[in-house]
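Tertiary structure, described
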Amino acid sequence: MPALKHWLYMKEVLIVAEWTALKNIDPHCFACGQGNAHGLHMRFFSDGERVRSRLIIPGHLRGWHTLVHGGVLATILDEAMSWAAIHLTGRFILTQEMTVRFKKPVRIEEEVRVESCVAERISPRKALLKAEIRNSSGDICAESSGVFALFTAEAFTRMNLVPENMLDAMNQSMWRSA
Ligand SMILES: CCCCCCCCCC(=O)SCCNC(=O)CCNC(=O)[C@H](O)C(C)(C)COP(=O)(O)OP(=O)(O)OC[C@H]1O[C@@H](n2cnc3c(N)ncnc32)[C@H](O)[C@@H]1OP(=O)(O)O
């Protein structure tokens, strides 16, 4: 391969492989809030097509003995799909429905990775998201799909779910990198 073409190819590979840290928007969120003492403290990264996070699930979120509670895994999947829905569609979102398949048990204090993407833009107001959780061996332990309602800032304001000042701050920072 000629040198210039090779360099362009390498540059393209590097750009494709680049993961950018996404800015956290609510410090109190149970899943992503860095200030929630009881939460999961998830941080997210995106390559423009997917969103991902890695975390160690703390012991107080156990279910049966040392296994992670299924509801906690569902929260992680919901959060990952939510961040993908926000950052990859540029809209405010609400989870409308989701299904989870638990494939392998996950242990507390074990590192897991979660990755999510937009599977289908169903309509201007709805998107289908997918996510999967893998353990440190790379096995898929849980996977989900979910329908997310997509809102413009104006439509979300009309829903009156979040105080307007918080919405403004979110709107300004939500789609920027950390
Ligand atoms: C902290 C920061 C990090 C962010 C991550 C957060 C992760 C957490 C994600 C969640 O868990 S969100 C919490 C769980 N989900 C919810 O609480 C959603 C509750 N469900 C609903 O509010 C409704 O089901 C929903 C708006 C999602 C959709 O309802 P429908 O599709 O059945 O709509 P419907 O036809 O009943 O319309 C109801 C009203 O909403 C309006 N609407 C629905 N979807 C809309 C849309 N996409 N855009 C604009 N307006 C919309 C619709 O026009 C209508 O307005 P009107 O009453 O004035 O006629």
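This structure is a prediction, so every number in the text was calculated from the model and none was measured. (Residues numbered from 1 in each chain as written. Predicted model: local features only at pLDDT ≥ 70, side-chain atom pairs only at ≥ 80, totals over all residues. Heavy atoms only, no water.)

Let's shift gears to the UniProt feature "domain: Thioesterase" (unreviewed entry) in the protein chain. Here, UniProt's "domain: Thioesterase" (unreviewed entry) annotation points to residues 67–141. For residues 67–141, the helix share is 27%, the strand share is 47%, and the end-to-end C-alpha distance is 12 Å. (UniProt positions renumbered as here; feature names shortened; annotations may be inferred. Helix = DSSP H or I, 4+ residues; strand = E, 2+ residues; numbered from the N terminus.)

Counting residues in hydrophobic clusters, the biggest one holds 44 residues, and the most contacted among them are Leu40, Met42, Phe44, Ile57, Ile76, Phe92 and Ile133. For this core, the secondary structure elements donating two or more residues are β3 (50–56), α2 (70–89), β4 (92–102), β5 (111–123), β6 (126–134), β7 (140–151), α3 (153–159) and α4 (164–173). If you tally residues by element for this core, the top one is α2, at 10 residues. In this view, Ile133 contacts Leu73, Ile76, Leu77, Val112, Arg113, Val114, Asp139, Ile140, Cys141 and Ala142; residues no more than four positions away in its chain are not counted. (Core = buried A, V, L, I, M, F, W, Y, C linked by side-chain atoms within 4.5 Å. Buried < 20%, exposed > 50% of the residue type's maximum accessible area, 1.4 Å probe, protein only. Contact = heavy atoms within 4.5 Å.)

What follows deals with the site of the ligand. Lining the immediate surroundings of the ligand are 18 residues, of which Asp78, Thr95, Gln96, Lys126 and Leu150 lie closest. Within the side chain of Gln96, one N or O atom sits 3.1 Å away from an oxygen atom of the ligand. In the environment of the ligand, a nitrogen atom lies 2.7 Å from a nitrogen or oxygen atom belonging to the backbone of Leu150. For the ligand, whose free accessible area comes to 1,200 Å², the fraction covered by protein is 51%. (Near = heavy atom within 4 Å. Polar contact = N/O pair within 3.5 Å; in protein donor to acceptor, adjacent residues only side chain to side chain. Areas by Shrake-Rupley, 256 points an atom, 1.4 Å probe, with all protein chains shown as cover.)

Taking 1.5 Å of rise per residue, the 20 residues of α2 would be expected to cover 28 Å, and the 28 Å separating its terminal C-alpha atoms lies within 8% of that figure. The element α2 is extensively covered by neighbouring structure, given that 15 of its 20 residues are classed as buried. (Expected span 1.5 Å × (residues − 1).)

Those residues of α4 that sit buried are Leu167, Met170 and Ser173. All buried residues of α4 lie within an arc of 140° about the axis, which places them on one face of the element. Exposed residues on α4 whose side chains face more than 90 degrees from its buried face are Glu164, Asn165 and Gln172. Buried residues in α4 make contact with β4 and α3. (Arc of directions from axis to C-beta.)

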